[in-house]
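Chains, contacts and geometry: an overview
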Amino acid sequence: MTEEHLQTMGQQLGRRSWAEPWKIKMVEPLRMISREERLRAAQEAGYNTFLLRSDDVYIDLLTDSGTSAMSDRQWAGIMLGDEAYAGSRNFYHMEAAVQNYYGYRYVVPTHQGRGAEHLISQAIIKPGTFVPGNMYFTTTRLHQELAGGIFVDVIIDEAHDPANLHPFKGNIDLEKLERLFKEVGAEKVAYVSLAGTVNMAGGQPVSMANVRALRELCDRYDVRIYLDATRMMENAFFIQEREPGYSDKSIAQILKEFCSYTDGAWMSAKKDNLVNIGGWLAVNDDDLFQTLSNLVIVYEGLHTYGGMAGRDMEALAIGIEEGVQDDHIRARIGQVRYLGELLTQWEIPIVQPVGGHAIFLDAKRFYSHLPQDRFPAQTLAAELYIDSGVRSMERGIVSAGRDPETGEHRYPKLELTRLTIPRRVYTQAHMDVVAESVKAVFDARHQATGLRMVFEPKYLRFFQARFEPF
Ligand SMILES: Cc1ncc(COP(=O)(O)O)c(C=O)c1O
């Protein structure tokens, strides 16, 4: 075989190949069950990938949350757990890492992101006030609504168009936001809920120019900005790559500058911070910190552990330092892009540009013959699983839930199936297997008939809803 016939991926793309900045020290065997067994498992799970047993999954792209591989340093940190009820030394390590890399003054630990969302919503939101944000996130909006807030989407319109190539589709539309300030009165706005790399939009970033201008606008109206920092390190990579003036700055420098335009942040450390469990809240305001560090005791645990074991906080402190390294983020986003490039070459509809943590299949175009209330994205997740044991998740009408006022389904413009890539877990060969499965399901797309929902829980229905073939 000549060199022309066999080319590395780098050669095919006209560049030198890159590789992950780590090698594998421990492995976990994978098992693929037969197609008949997968069909049965899908049926038993009500065609909801959240209800599958992970033993029945081959390549698990359900989420990047809590699924990272920890490093040898993090595992060593686990052995240094100080499990004192109060004042564990691991808390102080974690606190110092958050202060050092994110730049906020005060840190409150929580068991995971939604614990932090709960506390900040309860502490700040008064019933009937507005919470504008750059597209909703499921748990974030629910906690804001449970506290009596009214969420208002103020993301730029481009974010709702999966084919639009805007480089910062996570940006806030400042005119929409100012209109809201004027319409309802800025004093009726609890805070601006800003997210880095907007999950529901396809992992799309926010630019530094946007957050800077947002700060200026909010200062004029005396409104605070709180950041969902869950994937903010990945957001920093896109700023470094795409925004003039940032190519020579490190991810760490960009992260800190971005956070400096906000008043605080909540964090699901299960993503960027490379741990399997954990979260935190960080703020600059003394009074708010007092309220939060009192509330955390009620709902999570003492203010120096907040629901985490000492060992978890140590792994988290180390994970923050590892997560912010430029070579780590480049390889992480590079792997997501590799999968995206394959699917794009094969003309499979995905959200463009490819975002930070996942490939989002555009189920509306994929199954253009299915109406949205036959749950095309849910159907696609089920079909992928049946084809190859690859587990993905729905991010469309099921995730959007019902309007609390009318009780009707919300019909989001984006109807997506998310292939989420865990950090430091899978190889390029796994990505090839995934890509081929997506292609096989795409080739058989006309046979899909959709699903009907037969069980619907009250809150966050996408986690537990059950379906049957239509
Ligand atoms: C953007 C975003 N915010 C908040 C959360 C909630 O975090 P957790 O799952 O740790 O409760 C998630 C988790 O999926 C997320 O993706």
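In case you missed it, the structure is sitting above this.
Predicted model only: the values in this text are computed from it and were never measured.

About the thresholds
- Residues numbered from 1 in each chain as written.
- Predicted model: local features only at pLDDT ≥ 70, side-chain atom pairs only at ≥ 80, totals over all residues.
- Heavy atoms only, no water.
- Helix = DSSP H or I, 4+ residues; strand = E, 2+ residues; numbered from the N terminus.
- Expected span 1.5 Å × (residues − 1).
- Buried < 20%, exposed > 50% of the residue type's maximum accessible area, 1.4 Å probe, protein only.
- Contact = heavy atoms within 4.5 Å.
- Phe/Tyr/Trp six-rings, centres within 6.5 Å; stacked < 30°, edge-to-face > 60°.
- Near = heavy atom within 4 Å.
- Polar contact = N/O pair within 3.5 Å; in protein donor to acceptor, adjacent residues only side chain to side chain.
- Areas by Shrake-Rupley, 256 points an atom, 1.4 Å probe, with all protein chains shown as cover.
- 1 Å grid on protein atoms, 1.4 Å probe; cavity = no way out; pocket = protein on both sides within 12 Å on 5 of 7 lines; lining within 4 Å.
- Sits in = over half its atoms within 2 Å of the grid points.
- Nonpolar A, V, L, I, M, F, W, Y, C, P; charged D, E, K, R; others polar.
- Pairing = 2+ DSSP bridges.
- Axes fitted to C-alpha atoms, helices over the stretch in contact; angles between N-to-C directions.
- Salt bridge = Lys/Arg side-chain N within 4 Å of Asp/Glu carboxyl O.
- Points joined across faces, edges and corners; volume = space filled by probe spheres on them.
- Parallel < 35°, antiparallel > 145°, perpendicular 65-115°, else oblique.

With that settled, consider helix H5 (residues 113-124). Look at H5: 17 Å from first C-alpha to last across twelve residues, which is about the 16 Å you get at 1.5 Å a residue. Most of H5 is tucked away: nine of the twelve residues are buried. Within the sequence span of H5, burial applies to Gly113, Gly115, Ala116, Glu117, His118, Leu119, Ile120, Ser121 and Ile124. In this structure, the buried residues of H5 make contact with strand S2 (106-110), helix H6 (138-146), strand S6 (225-228), strand S7 (264-268), strand S8 (279-283) and helix H11 (286-299).

It is worth spelling out the packing of aromatic side chains at this point. In this structure the tally under the stated criterion is 13 aromatic pairs. Their ring planes at 70 degrees and their centres at 4.7 Å tell us that Tyr102 and Trp280 sit as a pair that is edge-to-face. Of this pair, Tyr102 sits in helix H4 (residues 89-102) while Trp280 is found in strand S8, placing the two residues 178 residues apart along the sequence. Residue Tyr102 is classed as buried on the basis of its relative accessible area, which comes to 1%. Clustering of aromatic rings is evident, with ring pairs tying together Phe50, Phe462 and Phe463.

Now for the site of the ligand. Gln112, Arg114, Asp228, Ser268 and Lys271 are the nearest of the 13 residues found near the ligand. Within the side chain of Arg231, a nitrogen or oxygen atom sits 2.9 Å from an oxygen atom of the ligand. Notes on the ligand: free accessible area 380 Å², of which the protein chains cover 94%. Judged by the fraction of its atoms near the pocket grid, the ligand is located in the second largest pocket. Broken down by class, the residue content of the shell around the ligand amounts to one nonpolar, six polar and six charged.

For the rest of this paragraph, the subject is the pairing of S7. Where burial is concerned, most of S7 is hidden: five out of the five residues are buried. Bridge count for S6 against S7 is three bridges, and the pairing is parallel. Considered in S7, the bridge of Leu227 is made with Ala265. One ladder, built from five bridges, connects S7 with S8; its direction is antiparallel. In the strand pairing of S8, Ser268 is matched with Gly279.

On to unusual backbone geometry, then. A cis geometry characterises the amide bond from Gln352 onward to Pro353, with omega recorded as -15 degrees. One can find Pro353 in the loop between helix H13 (326-345) and strand S9 (358-362).

Here the focus is the sheet that holds strand S12 (residues 416-420). Reading across from one edge, S9-S12-S11 is the order of the three strands in this open sheet, with antiparallel pairing throughout. Lying at the two open borders of the sheet, with one neighbouring strand each, are S9 and strand S11 (393-395). Strand-to-strand twist across the sheet, computed as the mean angle between neighbouring axes with direction ignored, equals 35 degrees. Here S11 runs beside S12; their pairing, made up of three bridges, is antiparallel. When the bridges of S12 are listed, Glu394 appears paired with Thr417. Running over the sheet, H13 touches S9 and S12 and is turned about 25 degrees from S9.

What follows deals with the pattern of salt bridges. Counted under the stated rule, the structure contains 30 salt bridges. For the salt bridge of Arg141 with Glu145, the shortest nitrogen-to-oxygen distance reads 4.0 Å. Residue Arg141 and its partner Glu145 are located together in helix H6, separated by four residues, close to a single helical turn. The salt bridge partner of Glu178 is Arg220, with a shortest N-O separation of 3.4 Å.

Moving on, we get to empty space enclosed by the protein. The tally for this structure, following the rule as stated, stands at two cavities of 30 Å³ or more. Reported here for the largest cavity is a volume of approximately 80 Å³. What lines the largest cavity is simply Glu20, Trp22, His328, Ala331, Arg332, Gln335, Pro422, Arg423, Arg424 and Tyr426. A class-by-class count of the residues in the lining of the largest cavity yields four nonpolar, two polar and four charged. Roughly 30 Å³ of internal volume is contained in the second largest cavity. Residue lining of the second largest cavity: Ala42, Ala45, Tyr47, Asn48, Thr49, Leu52, Ala382 and Tyr385, and that is the complete set. Grouping the constituent residues of the lining of the second largest cavity by class yields six nonpolar, two polar and no charged.

Glancing now at the environment of Ala229. Its place among the elements puts Ala229 in the loop between S6 and helix H9 (232-242). Separated by 55 residues in sequence, Ala229 and Leu174 place their C-alpha atoms 20 Å apart.

At a minimum axis separation of 7 Å, H4 and helix H10 (residues 251-260) run at an interaxial angle of 90 degrees. Between H4 and H10, the interaxial angle falls into the category roughly perpendicular. Every residue of H10 that contacts H4 at Gln99, Asn100, Tyr101 and Tyr102 is listed here: Ala252, Leu255, Lys256 and Cys259. Of the residues contributing to the contact of H4 with H10, the split by class is five nonpolar, two polar and one charged.

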